[in-house]
Amino acid sequence: MTSLKDIMKKRILDDMIRSVQPANRWKIIVVDPKSIKILNNACRMHDILEENVTLVEDITRKRQPYPGKEAIYFISPNETCIQRLIDDFPAQPPPGKEAKKGETAGPRMYAVGHIFFTSALSDALFNKIKASPAIGYIKTLKEMNVDFLAYESQVFTFDQPNSALPLYSPIREGSRHNEISQIAKKIASTLATLGEYPYIRYYASPTSTVPAIPLYVAQAVKSELDELARQDTDFPPASSPYKRSVLIITDRTLDMISPIVHEFTYQAMMNDLLVLKDGKYIYKPDPGDLPSAAEADALQTKNVSASLDENDPIWMLIRHWHYADAVEYIRTTFNKFLTENRAASSAMEREGGGAEPSGGIESLKHMKETLSSLPQFQEMKGKDLATGETSKGRAIKFTQTMIDMVPALDSPTVTSTDKLRLLMLYIIAQNGIEDDERRRLLGYAKLSLEESQAITNLSYWGVRMGKEKGEKDAKGKYAYHVHGKKRTKGEDGEAFDLSRWTPVLKSVLEDQISNQLDTTLFPWLTEPAPDSPRSAPTHIKAPAAGGVLSSKATGLWAPDPNFPTSLRTTRASWAPKRRAAGDEKAKNSSSDANAGGGHAASGEPASSQSDIRKNGPRVIVFTLGGVTFSELRTVYAVRGAFQRDVLLGSTHVTAPLQWIDFLKQMGKVDVTTADEQREAGSPAAPSPGAVTAGAQDSLKRSETTGSLKKEEKGLRGMFGKKKKNKENET
């Protein structure tokens, strides 16, 4: 099946750049700060330059006029970009006449303009263009519906890390209606590009302080899609051979553990421990790793960039493996390369002074051994808290766990961020703790006031701070300690002990595919007819959690480039005729690559995996508030296990440190969201009709104390009073 990245690339190249063919061949592309991200995400620069593009310019900056060349404007439909567009084509006085006094008639920037908007253009801005002199020079005007980033082959985002502030922070709730409308427009834009008009269901959170947010977004998305269907007779596509898809709109309140817990798979660890920007790791090389002193001096002040994306086949293979396995694979593969390539081995000998590879490879070996041998006390406790049981499958005792936590909280070698994450896990796992208990633990951790406030801000997401006797988790079978019970314990040895946590999203996807998703927690907004199966029968048995099916069992072959994609063009044509796939064979790879989301194959025809959508409706999950790398991995695992097409979307992808920083911001008044800056000057979009100010539940904050002195009682004595009180109550 064609990936999101391939769909976006085809959309940009075929429906925009290649559709403009000037008489003199050459053309210019004009972008804005937002659309350039979409362009760079979809295509590489050489792909664009090969299409007779001589220049890519920013519309917000001063540019040199090229009145003899045609320009492609790929811009956002906001007030700022529209005004810049109009300014590029000022009114020209008639031949032989000068401009009237007070009028400025500068030269045109380009001969004509071909305008492609990232998303739908409002009527007000359209009328503004029509009334301007620029209308006489506009040759093309088109809405592309590509207002999203294809983060991975099965994942899309809107690059809006702060969009949850107006949705869930009471301080910013004045912007809530507009934020819901903007997110809904982007979701509708994405679905239009995919050619999807899905059934919609949403997460009715029983714990969130603002439980109706997914419902409001779902209603707004439905309204946008209905309006698009009224305006465009080609939407939805009538000739699609596939069942109507299902869109599930949820939010971060579904699973508050996944953004905090340490994930030991390679991709997640890279983003947890390193600072990555747009999938790139930027670092300064160690002078000891360079072959000569001259090179070391030359590169001392230069940064080196390493890309970790889907263009790297090794990354695609190992990104969802356990870190120890990934490091071992890299080391073994590199040693094999040196054995089979004498020239490379000789070069290593000259540089390292011996036949054995030194430096980086030995460091990898050391890292693997260290990771395998560390007791990982706080990590193991974190997994115990998340799953509600020990690595041996026994239910944990929270009183003992608390006592075991204190040395880690009191240790000067444990970072404040790790202490913060451990405390958050403890509070979430117990569905709240007593105020006295929380104050004592904060006293041991010695967190700053800002860090303590981050814990309190969890309450904005429905996390209970206080403990109420006898209260049960209202999430039912999707509660943290319940949803993962289907897995087989202890199958993967030590690696499994540190990788026991399974995101709640996995249970949701599996239940949706098997028609068992709880209709109380996930009601339908638009429900299929009784005689319209919501999901095709699952004829492939899913593996136990943590397990991986072989490539023959999953049938997850490499994508077929000839298979038709769902793509909206000037005249929508989502289902073109199928072309013969020929005798193409996919490259061989291990079955682990299938589970890891790599486009692996094992000799089957490419068309075999193109039929994956025939197994049942495509499932699209959109999460408000961000998704984690463990949830990205889950999508590929479910896709490979059930042979069903699954897409995951969100406002952004978040790493643990970014999530912690975001929680610290939630109570601050002076934070401005990135989307508001990008949308500056745009007319406010109409709010969804279902959203009313009175419907918003008020938020309550629990008070915490940042630092308290330890009492001189023993650790067990510290909780003795609490135990006696409980005995007296009984």
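Bear in mind the structure is a predicted one, so any value in this text is a computation, not a measurement.

1. Description of the overall build of the chain
Then comes step 1: Regarding its fold elements, the chain presents 29 helices and 15 strands.
Then comes step 2: Residue burial in the chain is summarised as follows: out of 730 residues, 51% are buried.
Then comes step 3: Sequence-distant contacts in the chain: of pairs separated by 6 or more residues, those separated by 24 or more amount to 80%.
Then comes step 4: Surface summary for the chain: the accessible area is close to 33,300 Å², and the carbon and sulfur share equals 51%.

2. What to know about the pattern of salt bridges
Then comes step 1: Counted by the stated rule, this structure contains 28 salt bridges.
Then comes step 2: Put simply, R18 and D14 hold a salt bridge, and the shortest N to O gap is 2.5 Å.
Then comes step 3: For R18, a relative accessible area of 37% corresponds to the partly exposed category.
Then comes step 4: On the accessibility criterion, D14 (25% relative accessible area) is partly exposed.
Then comes step 5: Ionic contacts of the salt-bridge type, sharing partners, join the residues E196, R613, R618, R639 and D645 into one network.

3. Some words on helix 8 (residues 213–231)
Then comes step 1: With 19 residues, helix 8 extends 27 Å from end C-alpha to end C-alpha; this agrees with the ideal 27 Å at 1.5 Å per step.
Then comes step 2: Taken together, the buried positions of helix 8 are occupied by I213, P214, Y216, V217, A218, A220, V221, L225, D226 and L228.

4. Remarks on the sheet that holds strand 11 (residues 280–283)
Then comes step 1: Ordered in space as 10-11-12, the three strands form an open sheet in which the pairing is antiparallel. Where the open sheet ends on each side, the last strands, each with one partner, are strand 10 (276–277) and strand 12 (304–307).
Then comes step 2: Examined bridge by bridge, strand 11 and strand 12 share four bridges and lie antiparallel to one another. Within strand 12, the residue paired with Y281 across the bridge is A306.

5. Here's the deal with the sheet that holds strand 2 (residues 53–58)
Strand pairing in a sheet relies on backbone hydrogen bonds, with the paired strands running either antiparallel or parallel.
Then comes step 1: Pairing in this open sheet of five strands is parallel, and the strands run 2-1-3-4-5 from one edge to the other. One side of each edge strand has no neighbouring strand; the edge strands of this open sheet are strand 2 and strand 5 (138–143). Taking the axes of each pair of neighbouring strands and ignoring which way they run, one obtains an average angle of 15° across the sheet.
Then comes step 2: Across five bridges, strand 4 (residues 113–117) lies against strand 5 in parallel orientation. Looking across to strand 5, one finds that F116 is bridged to K142.
Then comes step 3: Each of strand 1 (27–31), strand 2, strand 3 (70–75), strand 4 and strand 5 touches helix 1 (residues 4–17); the most contacted strand, strand 3, lies at about 140° to it.

6. Here's the deal with the packing of aromatic side chains
Then comes step 1: A full pass over the atoms with the stated rule returns 16 aromatic pairs.
Then comes step 2: In this arrangement the basic side chain of R319 is found over the ring face of Y636, its NZ or CZ atom lying 4.8 Å from the centre.

7. Observations regarding the confidence of the model for the chain
Then comes step 1: Summarising the model, the chain shows a mean pLDDT of 75, and 64% of its residues fall at 70 or more.
Then comes step 2: Counted against residues more than four places away or in other chains, residues 485–496, with its pLDDT under 50, gives 20 contacts.
Then comes step 3: Contacts from residues 533–609, a stretch scored under 50 in pLDDT, to residues over four places away or in other chains number 193 contacts.

8. Digging into the packing of helix 7 (residues 176–194) against helix 8
Then comes step 1: One can describe the packing of helix 7 onto helix 8 by two numbers: an axis separation of 8 Å at closest approach and a directional angle of 50°. Considering the angle they form, helix 7 stands oblique to helix 8. The handedness of the crossing between helix 7 and helix 8 is right-handed. For the pair helix 7 and helix 8, contact is made by R176, I180, I183, A184, K185, I187, A188, L191 and A192 and by I213, Y216, V217, A220, V221, E224, L225 and L228, respectively.

9. So, the nonpolar core
Then comes step 1: Judged by nonpolar contacts, the single largest core of 124 residues is most densely connected at V221 and W461.
Then comes step 2: Ignoring anything within four residues of it in the chain, the contact list for V221 reads A184, I187, L191, I200, L247 and I249.

10. Points about the pairing of strand 8 (residues 199–202)
Then comes step 1: Residues Y199 and R201 of strand 8 are buried on one face, and the alternating residues I200 and Y202, pointing to the opposite face, are buried as well.
Then comes step 2: Between the parallel elements strand 8 and strand 9 (residues 246–251), the chain passes through helix 8 in a crossover that is left-handed.
Then comes step 3: Looking at chain direction, strand 8 and strand 13 (residues 524–526) are connected through two bridges and run antiparallel. The residue of strand 13 that forms the bridge with R201 is W524.

11. Some thoughts on empty space enclosed by the protein
Then comes step 1: All chains considered together, the criterion is met by seven cavities of 30 Å³ or more.
Then comes step 2: Estimates place the volume of the largest cavity at around 110 Å³.
Then comes step 3: What lines the largest cavity is S258, P259, V261, E263, A268, D272, T628, F629, S630, T654, A655 and P656.
Then comes step 4: Of all the elements in the fold, those that place two or more residues in the lining of the largest cavity are helix 9 (266–273) and helix 25 (629–642).
Then comes step 5: Residues that form the lining of the largest cavity fall into these classes: six nonpolar, four polar and two charged.

12. A look at the environment of S258
Then comes step 1: Tracing the sequence through the fold places S258 in the loop between strand 9 and helix 9.
Then comes step 2: By relative accessible area, S258 is classed as buried at 5%.
Then comes step 3: Excluding its chain neighbours within four sequence positions, the residues that come into contact with S258 are R252, W501, P503, T628, S630 and E631.
Then comes step 4: For S258, the side chain forms a polar contact with the side chain of D255, separated by 2.6 Å.

13. Things to note about unusual backbone geometry
Then comes step 1: Of note, the amide linkage connecting F235 to P236 takes the cis form, showing an omega dihedral of -5°.
Then comes step 2: Position of P236 among the secondary structure elements: in the loop between helix 8 and strand 9.
Then comes step 3: The phi dihedral of N515 falls on the positive side, at around 60°, and the residue is not glycine.
Then comes step 4: The residue N515 is located in the loop between helix 21 (504–513) and strand 13 in this model.
Then comes step 5: Residue N515 is classed as partly exposed on the basis of its relative accessible area of 47%.

14. Looking at the environment of H262
Then comes step 1: Locating H262 in the fold gives a position in the loop between strand 9 and helix 9.
Then comes step 2: A residue is classified by how much of its surface remains accessible, and H262, at 17% relative accessible area, is buried.
Then comes step 3: Expressed as a C-alpha distance, the spacing of H262 and S630, which sit 368 residues apart in the sequence, is 9.6 Å.
Then comes step 4: Within the local environment of H262, its side chain forms a polar contact with the side chain of D272, the two groups lying 3.2 Å apart.
Then comes step 5: At a separation of 3.4 Å, a polar atom in the side chain of H262 contacts the side chain of D418.

15. Quick word on the side chain of D58
Then comes step 1: For D58, the location among the structural elements is in strand 2.
Then comes step 2: A distance of 2.8 Å separates the side chain of D58 from the side chain of T60, its partner in a polar contact.
Then comes step 3: Leaving out residues up to four positions away in the same chain, D58 has contacts with V31, D32, P33 and R63.

16. Comments concerning the packing of helix 9 against helix 12 (residues 323–340)
Then comes step 1: Look at helix 9 against helix 12: their axes get within 8 Å of each other, and the N-to-C directions meet at 100°. When the axis of helix 9 is compared with that of helix 12, the two are roughly perpendicular. Listed contacts from helix 12 to Y266, M269 and M270 of helix 9 are Y323, A326 and I330.
Then comes step 2: By residue class, the composition of the contact of helix 9 with helix 12 is six nonpolar, no polar and no charged.

17. What to know about the environment of W501
Then comes step 1: Tracing the chain through its elements places W501 in the loop between helix 20 (493–497) and helix 21.
Then comes step 2: In the structure, W501 is positioned 240 residues away from V261 in sequence and 8.3 Å away in space, judged by C-alpha atoms.

Parameters at a glance
- Residues numbered from 1 in each chain as written.
- Predicted model: local features only at pLDDT ≥ 70, side-chain atom pairs only at ≥ 80, totals over all residues.
- Heavy atoms only, no water.
- Helix = DSSP H or I, 4+ residues; strand = E, 2+ residues; numbered from the N terminus.
- Buried < 20%, exposed > 50% of the residue type's maximum accessible area, 1.4 Å probe, protein only.
- Contact = heavy atoms within 4.5 Å.
- Areas by Shrake-Rupley, 256 points an atom, 1.4 Å probe, with all protein chains shown as cover.
- Salt bridge = Lys/Arg side-chain N within 4 Å of Asp/Glu carboxyl O.
- Expected span 1.5 Å × (residues − 1).
- Pairing = 2+ DSSP bridges.
- Axes fitted to C-alpha atoms, helices over the stretch in contact; angles between N-to-C directions.
- Phe/Tyr/Trp six-rings, centres within 6.5 Å; stacked < 30°, edge-to-face > 60°.
- Lys NZ or Arg CZ within 6 Å of the ring centre and 35° of its normal.
- pLDDT = per-residue confidence, 0-100.
- Parallel < 35°, antiparallel > 145°, perpendicular 65-115°, else oblique.
- Left-handed = near helix turned anticlockwise from the far one by under 90°.
- Core = buried A, V, L, I, M, F, W, Y, C linked by side-chain atoms within 4.5 Å.
- Right-handed = clockwise from strand over helix to strand, strands pointing away.
- 1 Å grid on protein atoms, 1.4 Å probe; cavity = no way out; pocket = protein on both sides within 12 Å on 5 of 7 lines; lining within 4 Å.
- Points joined across faces, edges and corners; volume = space filled by probe spheres on them.
- Nonpolar A, V, L, I, M, F, W, Y, C, P; charged D, E, K, R; others polar.
- Polar contact = N/O pair within 3.5 Å; in protein donor to acceptor, adjacent residues only side chain to side chain.

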